[in-house]
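Topology and contacts: notes
Okay, here's what each chain looks like letter by letter:
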Amino acid sequence: MTDHILSEVSGGVLTLTINRPDKKNALTRAMYQGLGDGIDRASEDPSIRCVLIQANGDIFTAGNDLGDFAAVNSGDPQANQAREGGNPLLAALARAKTPIVAAVHGRAVGVGVTMLLHCDLVYVAEDALLTTPFVNLALVPEAASSLLLPARIGHARAFSMFVLNEAVDGKTATAWGIANAAVPAAELRAKARAAAEAVASRAPTAVQATKALMRDPAAITAQMEQEGRIFAAQLRSPETKEALTAFAEKRAPDFSKVA
Ligand code: COA
């Protein structure tokens, strides 16, 4: 397990803490694996009644590591091979049996937002900012978010988030139904922890059955596969090359040059 994901169990709650603050908690392959392993472990261990995902540092996560995207875009065989295996976090979220609570502070970018659509309770800091800049990078939504986000907040809002990278603050995320509550940042961890403990105290079979009744893993997996095919093609495209080069050069991308 990578030390960029910290794992701790107490009171029936498995806490997974994203811990790569120097890179804004950008998620590498090893970190996806660590988060996915934690979620799978909870499904198999009856003493774990709830999973809590939170983050150290000043933001929740800057999303996928852009260096990993760039390696695939440039044709790096190792990066390509790793991607072919699928994303272990997304697979674990799709099959998760144990309830998941998230505590989101600062910025949540890309998969940092789309993973929330698989969580059962979400608490955000009032001043949190949620963005999904997939199209900014010439990519497409993932984690079945092209299905789940419009279902949650409506097509127009979801399209604006995906295509125009509209930033959604904590209070708006709550009003739109992405989060349960927006709280002052200083109170966020305690609020999420209390919610996780409350879930853990309930009748475990009834809790898991309720979660299962509310989800459609087959539809989620099918959408993830469809998204994954288009995402993989775009990731290797000239459009994404321009977007990643622009990010590295700290300039705006110019898509007028690509066909
Ligand atoms: N992948 C890899 N490294 C990342 C990263 C990412 N997604 N996001 C930030 N970092 C790194 C930066 O390269 C920088 O590293 P350095 O100190 O070695 O130069 C460090 O984290 C700090 O980032 P910086 O951009 O200076 O922080 P900021 O506070 O000004 O801005 C963000 C924070 C999240 C707004 C900004 O980093 C950002 O937009 N990141 C990219 C988000 C993204 O597009 N993710 C993919 C979504 S699909």
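Preceding this section is the structure that the text describes.
The paragraphs below set out a description of the structure included in this document. It should be emphasised that the depicted structure is a prediction, and the values quoted were computed from it without experimental measurement.

A word on the overall build of the protein chain. Helix and strand counts for the protein chain stand at 12 helices and 9 strands. Rg of the C-alpha trace for the protein chain: 18 Å, near the compact-globule value of 18 Å for 259 residues, within the 12% margin. Here the C-alpha coordinates of the protein chain stretch approximately 60 × 35 × 35 Å along the principal axes. Considering the protein chain as a whole, with its 259 residues, one finds that 48% of them fall into the buried category. Working note: accessible area of the protein chain is about 11,800 Å², and carbon and sulfur atoms make up 56% of it. Computed over 25 positive and 27 negative side-chain charges, the separation of the two mean positions in the protein chain equals 2 Å.

So, on to the site of the ligand. Neighbouring the ligand are 15 residues, the closest being Lys23, Lys24, Ala62, Asn64 and Leu66. Lys23 is positioned with one of its side-chain polar atoms (N or O) 2.4 Å from an oxygen atom of the ligand. Burial of the ligand by the protein chains amounts to 64% of its free accessible area of 870 Å². For the shell around the ligand, a count of residues per class yields 9 nonpolar, 1 polar and 5 charged.

Of all hydrophobic cores here, the largest spans 61 residues; its most connected members are Ile18, Ile39, Phe60 and Leu130. Setting aside residues no more than four positions away along its own chain, Leu130 makes contact with Val104, Ala108, Val113, Leu116, Met161, Glu166, Ala167, Val168, Ala173 and Ile178. Core analysis: the second largest hydrophobic core is formed by 16 residues, Val101, Leu121, Ala200 and Val207 among them.

Here the structure, examined in full by the defined rule, presents 1 cavity of 30 Å³ or more. The volume enclosed by the largest cavity comes to roughly 50 Å³. A total of 3 residues in the lining of the largest cavity trace back to one element, the largest contributor, which is helix α10 (residues 204–214). Here the lining of the largest cavity is built from residues that sort into 5 nonpolar, 2 polar and 2 charged.

It is worth spelling out the sheet that holds strand β7 (residues 129–131) at this point. Strands in a sheet are paired, the pairing made by backbone hydrogen bonds, and the direction either parallel or antiparallel. Read from one edge of the open sheet, 3 strands run β5-β7-β8, paired in mixed fashion. Each of the sheet's edge strands pairs with one partner strand only, and the pair in question is β5 (107–109) and β8 (168–169). In terms of strand pairing, β7 meets β8 through 2 bridges, oriented antiparallel. Note on β8: the bridge partner recorded for Leu129 is Asp169.

Of the voids in this model, the second largest pocket is the one considered here, and its volume is about 480 Å³. Cys119, Asp120, Arg152, Met214 and Arg215 are, among the 21 residues lining the second largest pocket, the residues nearest its centre. Broken down by secondary-structure element, the contributors of at least two residues to the lining of the second largest pocket are β6 (121–125), α6 (145–153) and α10. With 4 residues, the single largest contributor to the lining of the second largest pocket is α10.

Another point: the side chain of Asn64. For Asn64, the position within the fold is in the loop between β3 (50–55) and α2 (66–73). Among the polar contacts made by the side chain of Asn64, one reaches the side chain of Tyr32 at a distance of 2.7 Å. Look past the residues within four positions of Asn64 in its chain and what remains in contact with it is Leu27, Tyr32, Phe69 and Val111.

A word on the state of the cysteines. Under the criterion given, the structure shown has 0 disulfides. For the unlinked cysteine Cys50, the closest cysteine sulfur is that of Cys119, found at 9.7 Å. According to the relative accessible area criterion, Cys119 is buried, its value standing at 8%.

The rules behind the values
- Residues numbered from 1 in each chain as written.
- Predicted model: local features only at pLDDT ≥ 70, side-chain atom pairs only at ≥ 80, totals over all residues.
- Heavy atoms only, no water.
- Helix = DSSP H or I, 4+ residues; strand = E, 2+ residues; numbered from the N terminus.
- Rg over C-alpha atoms; globule rule 2.2 N^0.38 Å.
- Buried < 20%, exposed > 50% of the residue type's maximum accessible area, 1.4 Å probe, protein only.
- Areas by Shrake-Rupley, 256 points an atom, 1.4 Å probe, with all protein chains shown as cover.
- Lys, Arg positive; Asp, Glu negative; His and termini not counted.
- Charge placed at Lys NZ, Arg CZ, Asp CG, Glu CD.
- Near = heavy atom within 4 Å.
- Polar contact = N/O pair within 3.5 Å; in protein donor to acceptor, adjacent residues only side chain to side chain.
- Nonpolar A, V, L, I, M, F, W, Y, C, P; charged D, E, K, R; others polar.
- Core = buried A, V, L, I, M, F, W, Y, C linked by side-chain atoms within 4.5 Å.
- Contact = heavy atoms within 4.5 Å.
- 1 Å grid on protein atoms, 1.4 Å probe; cavity = no way out; pocket = protein on both sides within 12 Å on 5 of 7 lines; lining within 4 Å.
- Points joined across faces, edges and corners; volume = space filled by probe spheres on them.
- Pairing = 2+ DSSP bridges.
- Disulfide = S-S within 2.5 Å.

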